Amino acid sequence: MRVRINMWMKLLIAPVIVLVLLVGMGFLAYSTGTLLETSLATVGAKEALAYEAQALQTEIVSQSSAFRMYMIQRRQQDLTEFRSAGETILAALDRLIDEAGDDTTRGLLQSIKSDNLAYVAVVDKVIPLIQAGKADRAEEILLAEAEPIVSRMSDTAKSLVYQMKKQAEDQRAEANTAAARLQLAAMGVTAGAVFIGVLASLLVSRSLATPIRRLSEAFTQLASGDFTLEALQVRSRDEVGDAAEAFNTMLTNLGKVLRQVRGSVESVTSASEQLSEAAQASAQAADGSAKAISQVAAGTNEQAQSIAHIRSILEELQTAIQQIAQGAAKTAADVQGSATVLHQMSAQLDDMASRASETAYRSKLGAQRAEAGANVVNHCLSEMTPVSS
């Protein structure tokens, strides 16, 4: 079963990947930053210890110098400075022992403290001799007991300072290395996030642009009147895939409509051809009918004229007969006139007979033409009956 992924989900893939990588880079930066901060704090502590160790070394020298000045000048002030330097040294040693991060440093500090206490004890033993005027004896004790202790304290303090400085430098180097690793990791994660984001964007844009371009080309081809295109392949379960499926459905329905229209057009074309042939035959029949009717009308007109002429002759004949009947009682002189009139009437009767014969011929010809026109009309009607049905 294919999982449906909407377009907005596809568009969010690249930003989500980049966001996850950036969150990972932030967590890495935070973790490394915490370690770096701890390292820097350790470096600061080491440097502070080294500074205090240098100060302790200075106090040891000051303590020894103060007692030397007391032996030379016998001033109470020098002895007070000696006591004060000793207290400062002990306080510094106690603080450094508490702050020491390793047993080696703590052991060196304990050694300095023990030597300082031993040195103070030797001095306390020498001071009464000095006050009693036994300076030589005091000098011998100092050289035999105090000087080795002071020398050992100085060497231990120098070693302590060197060790603390080296530890501080090593810690700083580790911090710099951690910072460099953090920088490289940040650059790598950033480059990876950009690369993966761009790659995801390209893949997502391609997955969206390709079906949209195919759909656009299909619509363009369809708009240009090309209905031979095939159905689109639906490969995505998103809005673009829904649009492609809708296009395929539209294409199928449009094909059905076009086939129906094509069938209707063929039927209409066939009917139009039949109607055109029938109309052409009707036109020819109508033309023949018109000619026949024109001939019939012309013959009928001539027949009407002949009948009118015969009527006129008959009226003249009737008038002449009446005149003959009225003039029968006249004189013989009128007989000649009657003979003349009869001769004229005979000529008119011959002319009337000739016209009657011509009228009969024309009437026969008109009847034949009328029969031909009737046949043409009947033929037209028989040709028009299938068309009307």
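About the criteria used
- Residues numbered from 1 in each chain as written.
- Predicted model: local features only at pLDDT ≥ 70, side-chain atom pairs only at ≥ 80, totals over all residues.
- Heavy atoms only, no water.
- Helix = DSSP H or I, 4+ residues; strand = E, 2+ residues; numbered from the N terminus.
- Contact = heavy atoms within 4.5 Å.
- Axes fitted to C-alpha atoms, helices over the stretch in contact; angles between N-to-C directions.
- Parallel < 35°, antiparallel > 145°, perpendicular 65-115°, else oblique.
- Left-handed = near helix turned anticlockwise from the far one by under 90°.
- Nonpolar A, V, L, I, M, F, W, Y, C, P; charged D, E, K, R; others polar.
- Expected span 1.5 Å × (residues − 1).
- Polar contact = N/O pair within 3.5 Å; in protein donor to acceptor, adjacent residues only side chain to side chain.
- Buried < 20%, exposed > 50% of the residue type's maximum accessible area, 1.4 Å probe, protein only.
- Patch = residues over 30% accessible without salt bridge, like charges linked within 9 Å, V, L, I, M, F, W, Y side chains within 5 Å.
- Areas by Shrake-Rupley, 256 points an atom, 1.4 Å probe, with all protein chains shown as cover.
- Salt bridge = Lys/Arg side-chain N within 4 Å of Asp/Glu carboxyl O.
- 1 Å grid on protein atoms, 1.4 Å probe; cavity = no way out; pocket = protein on both sides within 12 Å on 5 of 7 lines; lining within 4 Å.
- Points joined across faces, edges and corners; volume = space filled by probe spheres on them.

Student: Just give me the short version of the environment of R181, but keep the residues and values in it.
Tutor: By the secondary structure assignment, R181 is in helix 4 (residues 135–223). Along the sequence, R181 and T32 sit 149 residues apart, while their C-alpha atoms lie 8.7 Å from each other.

Student: Give a description of the side chain of S154 that names residues and reports values.
Tutor: In this fold, S154 is placed in helix 4. Those residues in contact with S154 that lie beyond four places of it in its chain are Q57 and I60.

Student: Which residues make up the packing of helix 2 (residues 76–99) against helix 3 (residues 103–131), and what are the values?
Tutor: For the pair helix 2 and helix 3, the least separation of the axes is 9 Å and the interaxial angle reads 160°. With respect to helix 3, the element helix 2 is oriented roughly antiparallel. Regarding helix 2 and helix 3, the two cross each other, and that crossing is left-handed. Contacts between helix 2 and helix 3 involve L79, F82, R83, G86, I89, L90, L93, D94, L96 and I97 on the former and, on the latter, R106, L109, Q110, I112, K113, N116, L117, Y119, V120, V123, D124 and I127. Looking at the contact of helix 2 with helix 3, its residues break down into 14 nonpolar, 3 polar and 5 charged.

Student: Outline helix 3, supporting the account with residue identities and numerical values.
Tutor: Under the 1.5 Å per step criterion, the end-to-end length of helix 3 is 42 Å for 29 residues, consistent within 8% with the ideal 42 Å. Two or three places before T104, at the opening of helix 3, D102 has a side-chain oxygen 3.3 Å from that residue's backbone nitrogen. A positive backbone phi angle near 85° is found at G133, which sits one or two residues after helix 3.

Student: Before we move on, can you summarise helix 2 with the specific residues and values?
Tutor: With 24 residues, helix 2 should cover 34 Å at 1.5 Å per step; its first-to-last C-alpha distance of 35 Å lies within 8% of that length. Of the residues making up helix 2, those classed as buried are D78, L79, F82, A85, G86, I89, A92, L93, L96 and I97.

Student: Summarise a nonpolar patch on the surface; cite the residues concerned and give the values.
Tutor: Where nonpolar side chains cluster on the molecular surface, the patch consists of F195, I196, L199 and L203 and spans about 390 Å² of accessible area. As for its placement among the helices and strands, I196 is situated in helix 4. Note on I196: relative accessible area 34%, which makes it partly exposed.

Student: Would you mind going over the side chain of D115 in detail, with residue names and values included?
Tutor: Positionally, D115 belongs in helix 3. Setting aside residues no more than four positions away along its own chain, D115 makes contact with I149, R152 and M153.

Student: Can you explain unusual backbone geometry? Please cite residues and give values.
Tutor: Working note: non-glycine residues mostly have negative phi, and peptide bonds are mostly trans. Unlike most non-glycine residues, R74 shows phi in positive territory, near 60°. For R74, the position within the fold is in the loop between helix 1 (7–73) and helix 2.

Student: Give me the layout of surface pockets: which residues, what numbers.
Tutor: The computed volume of the largest pocket comes to approximately 290 Å³. Among the secondary structure elements, those contributing two or more residues to the lining of the largest pocket are helix 4 and helix 5 (239–327). Broken down by element, the lining of the largest pocket gets its largest block of residues, 6 residues, from helix 4.

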